[in-house]
Amino acid sequence: MKHSKHLYYHLSRRRFIKGSLAAGGVIVGAPAVLKGLTRQAKADYEPGVIRFRAAGTTATPGDWSLFEKETGLKMVATVEKDDPGVFYNDVMVNDAGDRFDIYLSLAGVQQTLAEGGWVLPIDGSRLKNWAGVSSDVKDIPLLKPDAEGQNWGVPIYMNADTFGYFPADLDEPRPPDPVSWGLIFDSEKTMGRVSIDDNYFSLSWAAGYMKAAGLADISDSANMTASEVETVADYMIERKKAGQFRNLWNTYDDQISNFVNGEVLAMRCWEPAVKDARGQGLDVVYAVTDEFYIKWMQAAFIPSQAEDRNLDEIYTAIDWLLGGGYAATLTPLRGYVTSRPDLGLEYAKEMEMGDDVVASMEENLFKIEVKFAQPEFWFSGVPDTLAEHERHMARFKNV
């Protein structure tokens, strides 16, 4: 899947050098450009400190004390919105590689970064936990955008997303029994009590439902053609006019609020939002479905500016993210699957973290066997027809 044609800032290394020469500048070679001409990177860098650009609050394991204890490094994490456009802008325009040592973002967004020289290829030999990562995970095309099959990102955690719903209120079965995505897009039971993402991503979710229900002929829900996007948007507008949707959520807090204040009975959301709502005593569950899962992966990328700065420390930090401590902390907290769930299960047992933590790790093994085995679909966040997705989502919102 090619993603580089419709990005916010497609500033490749070659174009940067060509433009600088045309302006009369003197550029010896790309490495000087990529290292930022030493700008503020070395001034800001502090030995023993990892500056981490996290993609949303759910990337963090609550706190980083275990990381700091087990690696001897200090973690300074900055949480940014998990939005490909914001990420590209930060990397290619705002010199994020000078300010961060590790990026975390959706796997699949790195093609333009790799083509432009903004990130470094991954050297798996520097990661002791790399060899045990399933080939189905580390060889996924989302991490290998070039013809040589080089990994440009390290898979950190992933999930197979669906939606949250109130089974008792809707008289619907509970997991592991399946329910239909129709509860989100086309159901009298949920009419006017549904919330979906305030993002063009929602068009892909609707496409998955329409494809499964035989409502449209769609080849790839995650990478639709312009005409497919228009068909899906027309359907979404029809459902909006019918009164299906209560609101659109924008942030993680919005998701929690929708559940807590009783405005919705079904919501396309992140699994941690359901866990948080259940923690507040609500009888809400995360759907199992036979139709499709939104399979996504967050990967760690290394900025090119770090090449002669602190690679040893960066690989130490990434290896910890592949390890048991991170898995056994993140999975019970967020419900996500890490790249080494086996290490998480071993760690939880060895450290005697409790039956509930062990059960959470074992539940994720079920998730891998059942949810990730479903063929529909891996999501990268950057479809080829990105501009069409954004235009038609705006049309839906403006109705």
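Please refer to the structure placed before this passage.
Residues numbered from 1 in each chain as written. Predicted model: local features only at pLDDT ≥ 70, side-chain atom pairs only at ≥ 80, totals over all residues. Heavy atoms only, no water.

Peer 1: Got a minute to help me understand the overall build of the chain in this structure?
Peer 2: What the chain contains, in helices and strands, is 19 helices and eleven strands. Each of the 399 residues in the chain was classed as buried or not, and the buried ones make up 56%. The long-range fraction of contacts in the chain, counting pairs at least 24 apart against all pairs at least 6 apart in sequence, stands at 75%. Total accessible area on the chain stands at roughly 16500 Å², and carbon and sulfur atoms take up 50% of it. (Helix = DSSP H or I, 4+ residues; strand = E, 2+ residues; numbered from the N terminus. Buried < 20%, exposed > 50% of the residue type's maximum accessible area, 1.4 Å probe, protein only. Contact = heavy atoms within 4.5 Å. Areas by Shrake-Rupley, 256 points an atom, 1.4 Å probe, with all protein chains shown as cover.)

Peer 1: What exactly am I supposed to notice about empty space enclosed by the protein here?
Peer 2: The rolling of a water-molecule-sized probe over the atoms marks out the regions of remaining empty space. If you walk through the whole model with that rule in mind, you get one cavity of 30 Å³ or more. Put simply, the largest cavity is a space of about 30 Å³. For the largest cavity, the full set of lining residues is Arg53, Ala55, Lys81, Asp82, Asp83, Pro84, Phe87, Leu104 and Ser105. The set of elements that each furnish at least two residues to the lining of the largest cavity consists of β1 (49–55), α5 (84–92) and β3 (102–106). Its residues assigned to classes, the lining of the largest cavity shows four nonpolar, one polar and four charged. (1 Å grid on protein atoms, 1.4 Å probe; cavity = no way out; pocket = protein on both sides within 12 Å on 5 of 7 lines; lining within 4 Å. Points joined across faces, edges and corners; volume = space filled by probe spheres on them. Nonpolar A, V, L, I, M, F, W, Y, C, P; charged D, E, K, R; others polar.)

Peer 1: Before we go on, may I ask you to explain the side chain of Asn151 in this structure?
Peer 2: When you line up the elements, Asn151 lands in the loop between α8 (135–138) and β4 (154–161). What makes Asn151 buried here is its relative accessible area of 9%. Ignoring anything within four residues of it in the chain, the contact list for Asn151 reads Pro121, Ile122, Trp130, Lys138, Leu143 and Lys144.

Peer 1: I'm lost on the pairing of β1 in this one. Help?
Peer 2: On any regular strand, side chains alternate: one points to one face of the sheet, the next to the other face. Along β1, seven of the seven residues are buried, which leaves the element largely enclosed by surrounding structure. Of the two faces of β1, the one carrying Val49, Arg51, Arg53 and Ala55 and the one carrying Ile50, Phe52 and Ala54 are both buried. Of the strand pairs in this sheet, β1 and strand β2 (residues 74–80) are connected by seven bridges, and their pairing is parallel. Pairing of Ile50 across the sheet is with Met75, part of β2. You can see the chain leave β1, run along helix α4 (residues 65–71) and come back into β2, and the turn it takes is right-handed. Of the pairings in the sheet, the one linking β1 to β3 comprises two bridges and is parallel in character. (Pairing = 2+ DSSP bridges. Right-handed = clockwise from strand over helix to strand, strands pointing away.)

Peer 1: Would you mind showing me how to read the environment of Phe377 here?
Peer 2: With respect to the helices and strands, the residue Phe377 is situated in the loop between α18 (355–370) and α19 (386–397). Spatially, the C-alpha atoms of Phe377 and Gly208 are 8.4 Å apart, while their sequence positions differ by 169 residues. If sequence neighbours within four positions are ignored, Phe377 has contacts with Ser204, Trp205, Gly208, Ser221, Ala222, Phe292, Tyr293, Ile294 and Lys295.

Peer 1: So what exactly am I meant to see when it comes to the packing of aromatic side chains here?
Peer 2: Aromatic ring pairs are defined here through the distance separating the ring centres and the angle between the ring planes. Counted by the stated rule, this structure contains 26 aromatic pairs. A ring pair is formed by Phe52 and Trp64, whose centres lie 5.7 Å apart and whose planes are at 75 degrees; its orientation type is edge-to-face. Residue Phe52 is found in strand β1, and its partner Trp64 is found in the loop between β1 and α4; the two are separated by twelve residues along the sequence. Residue class for Phe52 comes out buried when judged on its relative accessible area of 2%. Its relative accessible area of 10% is what places Trp64 among the buried residues. The structure contains a cluster of three or more aromatic residues connected by ring pairs, namely Phe163, Tyr165, Trp181, Phe185, Tyr200, Phe201, Trp205, Tyr209, Phe292, Phe377 and Phe379. For Lys240, the ring lying beneath its charged end belongs to Phe396, and the centroid distance is 5.1 Å. (Phe/Tyr/Trp six-rings, centres within 6.5 Å; stacked < 30°, edge-to-face > 60°. Lys NZ or Arg CZ within 6 Å of the ring centre and 35° of its normal.)

Peer 1: Could you clarify how one ought to interpret the sheet that holds strand β8 (residues 266–268) in this entry?
Peer 2: Taken in spatial order, the five strands make up an open sheet running β7-β6-β8-β5-β9, and their pairing is mixed. Edge positions in the sheet fall to β7 (245–249) and β9 (285–286), since each of these pairs with one other strand and no more. Of the pairings in the sheet, the one linking strand β6 (residues 194–197) to β7 comprises four bridges and is parallel in character. Counterpart to Val194 in the pairing with β7 is Phe245. Against the sheet, helix α13 (residues 252–260) engages β5 (163–165), β6, β7 and β8, with an angle of about 150 degrees to β7. (Axes fitted to C-alpha atoms, helices over the stretch in contact; angles between N-to-C directions.)

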